[in-house]
Amino acid sequence: MFTPLVKRFKSLVTRSDMSIRERMKNCDMVKYASQNNNVELCTPEELKLTVYDIIRSIKDPEKPFTLEDLNVVYEDGVEVSRGLNGDQSVYLITVEFKPTVSHCNLATLIGLCIKVKLKQHLLIRHKLTIHVKEGSHITGDAVNKQINDKERVAAAMENNSLKEMVEKCIADIDN
């Protein structure tokens, strides 16, 4: 049986009594200021923890473990900054993941699962980039190109069998 190498302190990243949507509301992502209708945004550190909390529960396509259990995703692999071309209401989110083996044939599927789950759960304006950790996959550049190409992602999600596999992997654990 696989034992996770690192145990997470639940209070740091997740609160078992709150759903992802509730945590995002607490982060003030959808709250409006009453004076000038500017959106109040959370800090990049709060958003980093929220992003990690969203992706850590994605199931591996081949193994009965989560990506966090297998150390495919890790908190330090999530980077968040604020501002795109001077617009401080847009967040730049970068997620790095490390496949379990350098020849993993499901690396693109894992990246697709990360992208789809974040797109479904993030309520804020953001630019999302997902990439394989440098040197961790033999075809990392090709995987990165596929994951970050909107047209390829849209085409992949039109494939019913692929869409079902993604939905199975990103389904919440308590469902």
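Along each chain, numbering runs from 1 in the same order as the chain's sequence is written. Totals for whole chains, interfaces and linings use all residues, but because this is a predicted model, local features are given only for residues with pLDDT of at least 70 and pairs of side-chain atoms are given and counted only at 80 or more. Excluding hydrogens and water, the side-chain values take into account all heavy atoms of the structure.

An unreviewed UniProt entry annotates the protein chain as MIP18 family-like domain-containing protein of Nezara viridula. UniProt positions are given in the numbering used here, feature names are shortened, and annotations may be inferred rather than shown by experiment. Listed under Sequence similarities (unreviewed entry) in UniProt, the entry text for the protein chain is "Belongs to the MIP18 family."

1. What to know about empty space enclosed by the protein
We place a 1 Å grid over just the protein atoms. Points where a 1.4 Å probe fits but has no way out form a cavity, open points with protein on both sides within 12 Å along at least 5 of 7 lines form a pocket, and any residue with an atom within 4 Å of a point lines it. Grid points are joined across faces, edges and corners, and a volume is the space filled by probe spheres set on the points. Evaluation of the coordinates by the stated rule reveals one cavity of 30 Å³ or more. Of the volumes computed, that of the largest cavity is approximately 30 Å³. Just so you know the grouping, Ala, Val, Leu, Ile, Met, Phe, Trp, Tyr, Cys and Pro go in nonpolar, Asp, Glu, Lys and Arg go in charged, and all remaining residues, Gly too, go in polar. A breakdown of the residues in the lining of the largest cavity according to their chemical character gives four nonpolar, one polar and three charged.

2. Some details on the sheet that holds strand β1 (residues 78-84)
Paired through backbone hydrogen bonds, the strands of a sheet run either parallel or antiparallel to each other. Two strands are said to pair when DSSP picks up at least two bridges between them. Numbering of helices and strands runs from the N terminus, with a helix taken as a DSSP run of H or I at least four residues long and a strand as a DSSP run of E at least two residues long. Across the sheet, which stays open at both edges, the three strands sit in the order β1-β2-β3 with mixed pairing between neighbours. What marks the edges here is a single partner per strand, and that holds for β1 and β3 (126-132). If you compare each strand with its neighbour and ignore which way they point, the axes differ by 20 degrees on average. Summarising the sheet, β1 and strand β2 (residues 87-97) pair through six bridges and their orientation is antiparallel. Pairing of R82 across the sheet is with Y91, part of β2. Axis lines are fitted through C-alpha atoms, for helices just across the contact stretch, and the angle between N-to-C directions can take any value from 0 to 180 degrees.

3. Section: helix α5 (residues 140-147)
One turn of an α-helix holds 3.6 residues; hence residues three or four places apart share an orientation. Along α5, the positions that sit buried rather than exposed are G140, V143, N144 and I147. Along the long axis of α5, the arc covered by the buried residues comes to 100 degrees, so they all point the same way. When the buried face of α5 is taken as reference, the exposed residues oriented beyond 90 degrees from it are D141 and K145. The contact definition used throughout considers only heavy atoms, calling two residues in contact when any of these lie within 4.5 Å. On its buried face, α5 is in contact with β2, α4 (107-121), β3 and α6 (150-158). Accessibility here uses a 1.4 Å probe with only protein chains present; expressed as a share of the type maximum, an area under 20% marks a residue as buried, one over 50% as exposed, and anything in between as partly exposed. Directions drawn from the helix axis to the C-beta atoms are what define this arc.

4. What to know about the side chain of S57
Relative to the helices and strands, S57 is located in the loop between α3 (44-55) and β1. Here a polar contact means two N or O atoms within 3.5 Å. Within protein one must be a hydrogen donor candidate and the other an acceptor candidate, and residues neighboring in sequence count only if both atoms are side-chain atoms. At 3.0 Å, the side chain of S57 and the side chain of K117 are in polar contact.

5. Focus: the pairing of β3
With burial as the criterion, only one face of β3 is covered, namely that bearing H126, L128, I130 and V132; the residues K127, T129 and H131 on the opposite face remain uncovered. The pairing of β2 with β3 spans seven bridges and is classified as parallel. Opposite V95, over in β3, you have I130 as the bridge partner. Looking down the strands as they point away from you, a crossover is right-handed if its path from the first strand over the helix to the second goes clockwise. You can see the chain leave β2, run along α4 and come back into β3, and the turn it takes is right-handed.

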